[in-house]
Amino acid sequence: MSRHLLGAVLLLAALSALPFLVTERYALGEFITFLIWASVAVQWNVLTGHAGVFSLGQMLFFAIGSYCVAMFAVYFGLPPWASMPVAGLAAGVAALLIGLACLRLAAAYVALLTFAIAYMVYTLIITDSACYITTGGTCTPFFGGTNGFSQFVDLGFRKLLKGNWIVGNYFSVLAVFALSFIASIIVIHGRLGLAFRATSDSAIYAAARGINRTKFQLIAFVVTAFFTGLAGASYAAHFRFAGPSLFELSTLMFVLSMVIVGGLKSTWGPIFGAALMMILVEVGKSMGDVRNTLIGLVLVIFVLLLPKGVAGAWAMLVDRLRRSHAASSGLEPAIPSHLQAPRTRPLAAPEGFVPATPSYSARFSPEVTALPMAFFGVQFSETSPASTSAIAFQQQGFAKPFGPSFWDRAEYVDERGCINSVLVGYWDDRQTYDRWCASLPEDWWRAGAPLDGALGFFRECYTPSIADTETTFSHPHPEGYATIATAMSGMTDTHGYWGSARDRIPRAQTDDLAPQGAPKAALAGSNDTLRRHIVVTPHDNLCLLRSGQDWTDTDAEERHFYLHSVKPKLDEGMEFIRDEGGRVGCYFNRYMTLCASAGPLDKTYSLSAWRSLGELEAWVKTDSHLAIFAAGTRHYRTFKDGRLRLYHEMSVIRAKDQSFEYFNCHDRTGMLNTLNRA
């Protein structure tokens, strides 16, 4: 958020200097018009792009703001600056009433109903011919009729600034734009924006997390209407006009095209879109009727060829420049060349960013298209011959033909006090993995155990595309599925900033990786998962993260620092997302110690599953993760040539590439923890 706020401050500073550089009244008037439409566009983007409300009624709220200023001026003689707050509130109240009536409907019906209401108000205004007041022999209906209101009292700058009155108007409109734009940044990048995106992505999951979809969409509807009403008030204050032309379809489509051309779901896109459309209008003024054809053609080009708008095109350009800069710095892109694509999703990296510390990624042959990984667990209250035998049986399964190219085993004690042995195998070929699965009985992993026995078992398998995955290492020593990679990269350019994990995922170049749906299972009305065999149905774009730590090669001083200054913070953070993960979008977290035949190793890793990458990205900025990050930073500053090794592997996985089975496991095990058993 801070980066966008800084950009907004710089933009506002530049716009504040404009009247001292541009003295021509016509040009300054065009800038005022741009600021008004940009104010509307940024709010429309919040409503539709982020909250997922497909409204065609925004120009109604704009008109309400305009009419409030005009009618207070005509009927009560109030200057516009006095009635502008009331205009925003009136638009907000109207949005509240309309939202209560239509936001429970499907998106298409919301669009139709909001458009119908706006058209109904337009019709009522233009068909009202009854005289309310008569001035100089001219009859004026209460809402101004077809002519509307004009030449009413202004902001007062004509009297105060004389010939420079337009400068006063400019700064008044700029103030409204500043409020609208800064509010949009705070909403989009704050907690409210997260709630909006959750309701937009999946109403089912939002409800499961206690987020009332209708409530938050109503908040978005009212808040954006308030700022849109303010923009309408500034329009009336500057032009001294409010009339039914504000409701016309051409006006609506003109402003909506700014949002589409600029780029939905972006922060700055609507401003770029407003600027571009204003330029097109200015260029087309000498073209007569051809102007509308030109605007329509531009809109078609953007929809078909640049669906992410100007913001998406800019992101593609920045990505290419960044790759070129990284290449000249001797750094490799984290995404290998055969998986690179023209980027339509913006990079999170600041322009010209070069990492301060080294990082490496696993490199796979271009022939590798999928990375199957299978986790098999045994759950027990205490070690026994039966648990030892079950673990050995699962290991024997990995030794069968077509078995994994690499596997490891880890253990941890979960929140219910149960010991869990977790065996994970990795393949670099989907066909080999499928042949291995087909060669074994479907229930082999349960080792013939009964449902009412002392052991629980689970099977969690993932077959992500290579384009769904990314790795990052503080060192060129592979762990996890990097052990089956062709090689490790040289130092990469894509790490060390918030959002870098997303930038390393090939699919994220063109996909927002938004989740769809929620986990489900047939529990037949019973809350108890013990003595039952349960299959959990997954949802699209679950985020799976393996994050590891290896202090095997550290010397005594570094090891002491890690174990006493860093690891306690890591332990606290891991416990938080294990026990309180539901609050932040984490389905489960297993913080495990890797084991060899001789016993535990000086290696740990956490395996966590998240509702979405977005929710993981939100958590890493909270106190529980920042404490880990700060401790790790102190470690690397203290031991610049230290031997502590950190890594993670991440996948954002489609529903078809996930499967979960649980056999006699307690209800906090893996994806069982996600089920609503109220």
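Whatever comes next refers back to the structure up there.
Residues numbered from 1 in each chain as written. Predicted model: local features only at pLDDT ≥ 70, side-chain atom pairs only at ≥ 80, totals over all residues. Heavy atoms only, no water.

(A) Up close: the sheet that holds strand β14 (residues 586-596). Read across the sheet, 11 strands follow the order β10-β16-β13-β15-β14-β7-β8-β6-β9-β17-β12 without closing on themselves; strand pairing throughout is antiparallel. If you trace the sheet from one side to the other, it starts and ends with β10 (469-473) and β12 (533-536), each paired once. Sheet twist, expressed as the mean angle between neighbouring strand axes with direction ignored, is 20°. Bridge count for strand β7 (residues 406-413) against β14 is three bridges, and the pairing is antiparallel. When the sheet's bridge partners are listed, Glu-411 is paired in β14 with Thr-593. In this fold helix α15 (residues 385-398) packs onto β6 (373-380), β7, β8 (419-426) and β9 (456-462), with an angle of close to 170° to the strand it touches most, β6. (Pairing = 2+ DSSP bridges. Helix = DSSP H or I, 4+ residues; strand = E, 2+ residues; numbered from the N terminus. Axes fitted to C-alpha atoms, helices over the stretch in contact; angles between N-to-C directions. Contact = heavy atoms within 4.5 Å.)

(B) Spatial organisation of unusual backbone geometry. Located in the positive-phi region is Arg-531, a residue other than glycine, with phi close to 60°. Mapped onto the elements of the fold, Arg-531 is located in the loop between α17 (500-504) and β12. By relative accessible area, Arg-531 is classed as partly exposed at 48%. Here Asn-664, not a glycine, exhibits a phi torsion of approximately 60°, which is positive. Checked against the element boundaries, Asn-664 lands in the segment after β17 (658-663). (Buried < 20%, exposed > 50% of the residue type's maximum accessible area, 1.4 Å probe, protein only.)

(C) Examining the packing of helix α2 (residues 25-50) against helix α3 (residues 58-76) more closely. Contact geometry of α2 with α3 gives a least axis separation of 11 Å together with a crossing angle of 135°. Between α2 and α3, the crossing angle belongs to the class labelled oblique. Here α2 runs over α3; the crossing is right-handed. Between α2, through Ile-36, Trp-37, Val-40, Trp-44 and Leu-47, and α3, the contact on the second element is made entirely by Gln-58, Met-59 and Phe-62. (Parallel < 35°, antiparallel > 145°, perpendicular 65-115°, else oblique. Left-handed = near helix turned anticlockwise from the far one by under 90°.)

(D) Expanded view of the nonpolar core. Among the nonpolar cores identified, the biggest contains 96 residues, and Trp-37, Phe-61, Phe-62 and Phe-177 are the most heavily contacted of them. Setting aside its immediate chain neighbours within four residues, Phe-177 contacts Leu-11, Leu-12, Leu-15, Leu-35, Ala-38, Ser-39 and Ile-271. Formed by 43 residues, the second largest nonpolar core is a distinct cluster that contains Phe-375, Leu-523, Val-536 and Phe-660. (Core = buried A, V, L, I, M, F, W, Y, C linked by side-chain atoms within 4.5 Å.)

(E) Broad picture of the packing of aromatic side chains. Enumeration over the complete set of coordinates arrives at 42 aromatic pairs. Between Phe-61 and Phe-221, the aromatic rings sit 5.5 Å apart at their centres with planes inclined by 85°, giving edge-to-face as the arrangement. Of the two residues, Phe-61 is situated in helix α3 and Phe-221 in helix α10 (residues 213-239); the sequence distance between them amounts to 160 residues. Across this residue pair, the class does not change: Phe-61 and Phe-221 are buried. A ring pair is formed by Phe-406 and Tyr-426, whose centres lie 6.4 Å apart and whose planes are at 15°; its orientation type is stacked. In this pair, Phe-406 sits in strand β7 while Tyr-426 sits in strand β8, placing the two residues 20 residues apart along the sequence. By relative accessible area, Tyr-426 is classed as buried at 1%. An aromatic cluster of at least three residues, connected via ring pairs, comprises Tyr-67, Tyr-75, Tyr-119, Tyr-122, Phe-142, Phe-143, Phe-149 and Phe-247. (Phe/Tyr/Trp six-rings, centres within 6.5 Å; stacked < 30°, edge-to-face > 60°.)

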